[in-house]
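Descriptive analysis of the structure
Chain by chain, the residues:
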Amino acid sequence: MKTIQSSRELLFQFHGRPPLGAAVSLALQHLVAMIVGCVTPPIIIAGAIGLPQEERVLLIQASLVMSAVCTLIQLFPIGKYFGAGLPVILGVSFAYVPSMQAIAASGGGVSAIAGAMLVGGIIAILVGVFAKQIRALFPPVITGTVVFTIGLSLYPTAINYMAGGTANTYELVVETKGLTEALVYGSWQNWLVAALTLAVVIGLNNFAKGICKLASILLGMIFGYVVALFFGMVSFADVGSAAWFSLPEFMHFGLTFDLSACIALGLLFAINSIQAIGDFTATTIGGMDREPTDRELQGGIIAYGAGNILTALFGGLPTATYSQNVGIVGSNKVVNRTVFTLAGGFLLLAGVCPRFAAILTTIPQCVLGGATITVFSSIAMTGMKLIASGGLTPRNTTVVGLSAALGVGLSQASAALSQFPAAVTMIFGKSPVVIATIMAVLLNIILPIDKTEK
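Turning our attention to the overall build of the protein chain. Each helix and strand in the protein chain was counted, giving 19 helices and 4 strands. Put simply, the protein chain has 454 residues, and 52% of those count as buried. Contacts in the protein chain between residues far apart in sequence, at least 24 positions, make up 81% of those at least 6 positions apart. Carbon together with sulfur atoms contributes 68% to the accessible area of the protein chain, which is approximately 19200 Å² in total.

Here we take up a nonpolar patch on the surface. On the surface, a nonpolar cluster with roughly 580 Å² of combined accessible area is contributed by Leu219, Ile222, Val226, Leu229, Phe230 and Phe236. For Phe236, the position within the fold is in the loop between helix H10 (216-230) and helix H11 (259-288).

The next thing to look at is unusual backbone geometry. Of note, Met251 is a non-glycine position whose phi angle comes to about 55 degrees, a positive value. As for its placement among the helices and strands, Met251 is situated in the loop between H10 and H11. For Met251, a relative accessible area of 31% gives the class partly exposed.

Moving on: empty space enclosed by the protein. Empty space among the atoms becomes apparent when a probe as large as a water molecule is rolled across them. Counting across every chain of the model gives 1 cavity of 30 Å³ or more. In this structure, the largest cavity occupies an estimated 40 Å³ of space. In terms of lining residues, the largest cavity is bounded by His30, Leu31, Met34, Thr71, Ile89, Ala343, Gly344 and Leu347. The set of elements that each furnish at least two residues to the lining of the largest cavity consists of helix H2 (20-49) and helix H14 (337-351).

Moving on to the packing of aromatic side chains. Enumeration according to the criterion identifies 4 aromatic pairs in this entry. Both rings, one in Tyr96 and one in Phe269, keep their centres 4.9 Å apart while their planes meet at 45 degrees; by these two values the pair is tilted. Of the two residues, Tyr96 is situated in the loop between strand S1 (90-92) and helix H4 (97-105) and Phe269 in helix H11; the sequence distance between them amounts to 173 residues. Phe269 sits in the buried class, given a relative accessible area of 0%. Members of the aromatic cluster, connected to one another through ring pairs, are Tyr96, Phe269 and Tyr304. Positioned over the ring face of Trp244 is Arg355, at 4.3 Å from the centre of the ring.

Calculation notes
- Residues numbered from 1 in each chain as written.
- Predicted model: local features only at pLDDT ≥ 70, side-chain atom pairs only at ≥ 80, totals over all residues.
- Heavy atoms only, no water.
- Helix = DSSP H or I, 4+ residues; strand = E, 2+ residues; numbered from the N terminus.
- Buried < 20%, exposed > 50% of the residue type's maximum accessible area, 1.4 Å probe, protein only.
- Contact = heavy atoms within 4.5 Å.
- Areas by Shrake-Rupley, 256 points an atom, 1.4 Å probe, with all protein chains shown as cover.
- Patch = residues over 30% accessible without salt bridge, like charges linked within 9 Å, V, L, I, M, F, W, Y side chains within 5 Å.
- Salt bridge = Lys/Arg side-chain N within 4 Å of Asp/Glu carboxyl O.
- 1 Å grid on protein atoms, 1.4 Å probe; cavity = no way out; pocket = protein on both sides within 12 Å on 5 of 7 lines; lining within 4 Å.
- Points joined across faces, edges and corners; volume = space filled by probe spheres on them.
- Phe/Tyr/Trp six-rings, centres within 6.5 Å; stacked < 30°, edge-to-face > 60°.
- Lys NZ or Arg CZ within 6 Å of the ring centre and 35° of its normal.

Spatial relationships are all this shows, so hold off on functional conclusions.
Put into structure tokens, the structure is as follows:
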């Protein structure tokens, strides 16, 4: 009895081998919490670029596999400064979606995104080297503004998807009237499916317990998917041709270096490197009752940059630490490396199966919109919590309000920068995060701190 109890106690230690059954169930819990967030960005970007079906599958597959690889790099550090050695999960980040959509709109394609990722990975490595020195420049009011603005920037994407996606048209047979009706953007059928998906997610998240609460987004998508089947929105025509097993292809999409794309994503990589410090800190405080060491922070951010360079070469999209998995660590205190290794292994298995990726491409955009709008709202509210942790003083509200107003305002007013070169619009006018971060840092330095704040 004591042996069983002691082996279970290993779940709360980073090293050691806990019971396999408990480790598998906890690993699946982490997988369920992050899988939707990991596959949605590549689906969105594939649609924005207009990739053919086989390349959509390849983009999703590469993103899953490289998310697993980046997770395993963090769990098993190489040397002193390559990997955090902390219980974290990495996946494709929503923070890069607006800028990647802008790159897609400019005709750059996945190759331009990959080239910008390579540059961004180098910038992240540099941030990691000097993490200790620059950490003071990013207090909660800055990181909170960044996260809050990321959430706001994603709302239009969710609404467009709830309406059916601008590129989506389905054929629906309305049997009661004997008519064939085209389900176009903004149709009532798209909104109905999106609303039902959202209702299930909200209901499970607020009234369910255990795995149903944790997997509320996944279960909501499954429900919406079933409803969409009855509306004739789902086609499996391309699923049968997908292979059961395949590895991502090295340099399949190629590399191109567009200056404006490199600057835009490079700035985001620097910003997300600082955000990673927050996730590493939350992990160690929530699960290990201590602050992260300088070595863990430096190794984590350096590996984050190097992992994204590797991801770019294999055709995946930018990865980052996943805050929802950090939240699980804070709630159950399970930090054993075996649990997170199994989660990374399950993610890897999902990635090497193109048939699984092909099934994911059949999810109607209205279902994705109904499910992910809750993800985007939670991102924005996480930012608000960070801001509130630093105190809602007049100075801080000025920093947050003005930074978010300029960032979101410029990105929404598409013609505001029309007289500037296209590169300026790409860097500063497409993603509100860049302007908001620059303004927040400048205002935080310039505005005086009153006596009460001191």
